[in-house]
Amino acid sequence: MANLESNLAGIKSPNPFWLASAPPTNSGYQVMRAFEAGWGGAVWKTLGTPIVNVTSRFAALDYKQNKMIAMNNIELITDRPLDVNLKEIAECKKAFPERTIIASLMEICEQKAWHELVKRVQEVDIDGFELNFGCPHGMSERGMGSAVGQHPDLIKQVSEWTKEVARVPVIVKLTPNITDIRFGARAASEGGADAVSMINTINSLIGVDLETWNPVPHVDGMSSHGGYCGPAVKPIALNMVNDCARDPEVRIPISGIGGIETWKDAAEFLLLGASNVQVCTAAMHHGFRIVEDMIDGLNNYLDERGLASVQDLVGKSANRITTWENLNLNYKIIARIDQDKCIHCNKCYVACEDAAHQCIDRISNNGSSTLVVDEQECVGCNLCQMVCPVEQCIEMIEIDTGLPPESWKQRSLRLEGVSS
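Residues numbered from 1 in each chain as written. Predicted model: local features only at pLDDT ≥ 70, side-chain atom pairs only at ≥ 80, totals over all residues. Heavy atoms only, no water.

Undergrad: What is the right way to read the pattern of salt bridges from this model?
TA: As a working rule, side chains carrying opposite charge can pair if their charged atoms are close by. Following the criterion strictly, the structure yields 21 salt bridges and no others. A salt bridge links E406 to R414, with the nearest nitrogen and oxygen atoms 2.5 Å apart. What makes E406 buried here is its relative accessible area of 12%. Through salt bridges that share partners, K45, R57 and E75 make up one connected network. (Salt bridge = Lys/Arg side-chain N within 4 Å of Asp/Glu carboxyl O. Buried < 20%, exposed > 50% of the residue type's maximum accessible area, 1.4 Å probe, protein only.)

Here it is in structure tokens:
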């Protein structure tokens, strides 16, 4: 059995699965139940000056028969007194000393306020802080959350203030609601933060009720933009994690967040550069016990590949991402249809004919038709395979072009040399 212990900037936990700061980590009762289920760590719901929440707060995006492929929330940070939260954190740590507890914090941008909050919270036994610079609604209108995360100078400044008094590692949680998240990560690193976490939720409106014309969710007929999360945001999060993992100016480890629902999702985040992962929406949808499948699945995967530790996955695919100009123009694949598996639904033909490159021919034969790829014209876009409802009916086959690898950058230089 592989070693699943994770290490994020010196913060160790028995496995890489943490609950993210959110409703599932609102109380000691919930965090203890999560630890009993097997979670390696929990980031406590953001502490600060208690707020007043509204009802309703959540809304889901369903797609056909799939419930909650994403959700939107307008809930704010903790609405419970700091003393109550700290008492429960201490109780959880005493009951589960080997599990990781991170205190998420949010304050106004004043040095004294941050110093006081950090000192007060670390009176109890915690493993680290996470500075919430990502919450996109409500708190941002008060100059906190993503209002800070959208200004690298403020990220750097608050990170420095926190590090002045913190006795445990400091993680900076970044907002995706910015043109390039690397600037925020670099600022956190410059400010002395020990790690970054990403992504927090994305600005969103989930929809409108077509009967009442009320936005969803609504509060007495009105609403505001909220934070979008869940499986639908995973590709966005993976891109941002990898951008920061490859950036030489970031230089600090990453806790990956965004649409993680299975061990496979987690493995992808690790391969692209995250040191561990945080989960929220999946726990809200399916409950804390999903971590059992995550642990078993990751363990089996590591064993099957002969890897001794989860650390052996971290960053292994990170540098397989590059800019388009560096991709090999002479690499070629084409589609090939298995006639024994084809059910003649024509979805590949329609997709290719209407939305791709018209490379599938429908050949009539004794009253029936056969779909055949014109391999000379096929550009290997993958669309036919993507729409095919039959597993392994359409395979993408690599073709030897006989040409050496050449990127657009190399080709441009070669052509410039010829013309000059």
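Now that the structure has been shown, we can carry on.
Undergrad: Before we go on, may I ask you to explain the sheet that holds strand β10 (residues 195-198) in this structure?
TA: Think of a sheet as strands paired side by side through backbone hydrogen bonds, with each pair either parallel or antiparallel. Strand order in the closed barrel made by the eight strands is β3-β4-β7-β8-β9-β10-β15-β16, with parallel pairing throughout. Strand-to-strand twist in this sheet, taken as the mean axis angle between neighbours without regard to direction, amounts to 25°. Of the strand pairs in this sheet, β10 and strand β15 (residues 254-257) are connected by three bridges, and their pairing is parallel. Of the residues in β15, the one forming a bridge with V196 is I254. In the packing of helix α1 (residues 28-37) onto the sheet, contacts are made with β3 (17-19), β4 (41-47) and β7 (100-105), and the angle to β4 comes to roughly 165°. The strands touched by helix α7 (residues 234-245) are β10 and β15; relative to β15, the strand with the most contacts, the crossing angle is about 170°. (Pairing = 2+ DSSP bridges. Helix = DSSP H or I, 4+ residues; strand = E, 2+ residues; numbered from the N terminus. Axes fitted to C-alpha atoms, helices over the stretch in contact; angles between N-to-C directions. Contact = heavy atoms within 4.5 Å.)

Undergrad: How should α7 be read in this particular structure?
TA: Taking 1.5 Å per residue as the helical rise, α7 with its twelve residues ought to reach 16 Å, and the 16 Å between its terminal C-alpha atoms agrees with that figure. Along α7, the residues that are buried comprise K234, A237, L238, M240, V241, N242 and C244. (Expected span 1.5 Å × (residues − 1).)

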